[in-house]
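# An overview of the molecular structure
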Amino acid sequence: MNNTDSKKAVRHTVLAKLRSIPGHIRHQYSATLRAQLSDLLSVPSPLTVGIYIPMQHEVDLLPLLTEYPQHRYAAPRCLPGRQLIFHHIRDIQQDTIPGAHGIPAPREELPAVEPNEFDILIIPGVAFAHEGLRLGYGGGYYDRYIPRCTHARLVALAFREQMLSTLPTDEHDITIPHIIHL
């Protein structure tokens, strides 16, 4: 099996496990993982934090907007060429519209946040390995974006179902130095 096929197989298996987690359990797990961010976010000075707007099976980051209101949050919008642009968001209901792949995205008219402005960038993924390896959804959006975030602390939050002992990787795959998991 080649690397592309191996990645597809891992995605399929892990996504099936994630989708089988009952909603109330996923809610509890998300709250536990967000609480583990407190060392990074419980600071008086405002930070610029990149988050993602979660799909149903992902860790819910949206309560961070009210749990740590002193910070400036930005969420991604997909652009042609598998590129990302982040926009400042305050209110998920008012600041987003349906975006690519059915994922809510920030409104285009909201202020953009440049990659070098991030203090913390929370990265989504399908699966992770303890040494920082990350398997995304296959579009390469974050693998293209992360190198531009020269000052950001890269962080991922993962349910136990997403943590694997090893992952198939390619040269272009970015490692995440700080993975918080159950």
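See the structure shown above.
Described below are features of the structure shown in this document. Predicted, not measured: the structure shown is a model, and the values here were computed from it.

### Some points on unusual backbone geometry
Negative phi is the rule for most residues except glycine; trans is the rule for most peptide bonds. Residue arginine 82 is not a glycine yet carries a positive backbone phi of 55 degrees. Here arginine 82 is to be found in the loop between β2 (72–79) and β3 (83–89).

### Things to note about the sheet that holds strand β9 (residues 134–135)
Taken in spatial order, the 3 strands of this open sheet run β9-β8-β11, and their pairing is mixed. Sheet topology places β9 and β11 (163–164) at the edges, where each strand pairs with a single neighbour. As paired elements, strand β8 (residues 127–129) and β9 share 2 bridges and run antiparallel to each other. The residue bridging alanine 127 from the neighbouring strand is leucine 135, located in β9.

### Regarding the nonpolar core
If you look at the biggest cluster of nonpolar residues, it comprises 57 residues, and the most contacted ones within it are Leu37, Ile51, Leu64, Phe86, Leu121, Ile122 and Leu157. Ranked by residues supplied to this core, first place goes to strand β10 (residues 153–158) with 5 residues.

### Examining the environment of valine 155
Summarising the element assignment, valine 155 is placed in strand β10. Distance from valine 155 to isoleucine 122, taken between C-alpha atoms, is 4.8 Å for residues 33 residues apart in sequence. Leave out the neighbours within four places in its chain, and valine 155 touches Leu37, Leu40, Ile120, Leu121, Ile122, Ile123, Ile176, His178 and Ile180.

Conventions we followed
- Residues numbered from 1 in each chain as written.
- Predicted model: local features only at pLDDT ≥ 70, side-chain atom pairs only at ≥ 80, totals over all residues.
- Heavy atoms only, no water.
- Helix = DSSP H or I, 4+ residues; strand = E, 2+ residues; numbered from the N terminus.
- Pairing = 2+ DSSP bridges.
- Core = buried A, V, L, I, M, F, W, Y, C linked by side-chain atoms within 4.5 Å.
- Buried < 20%, exposed > 50% of the residue type's maximum accessible area, 1.4 Å probe, protein only.
- Contact = heavy atoms within 4.5 Å.

Spatial relationships are all this shows, so hold off on functional conclusions.
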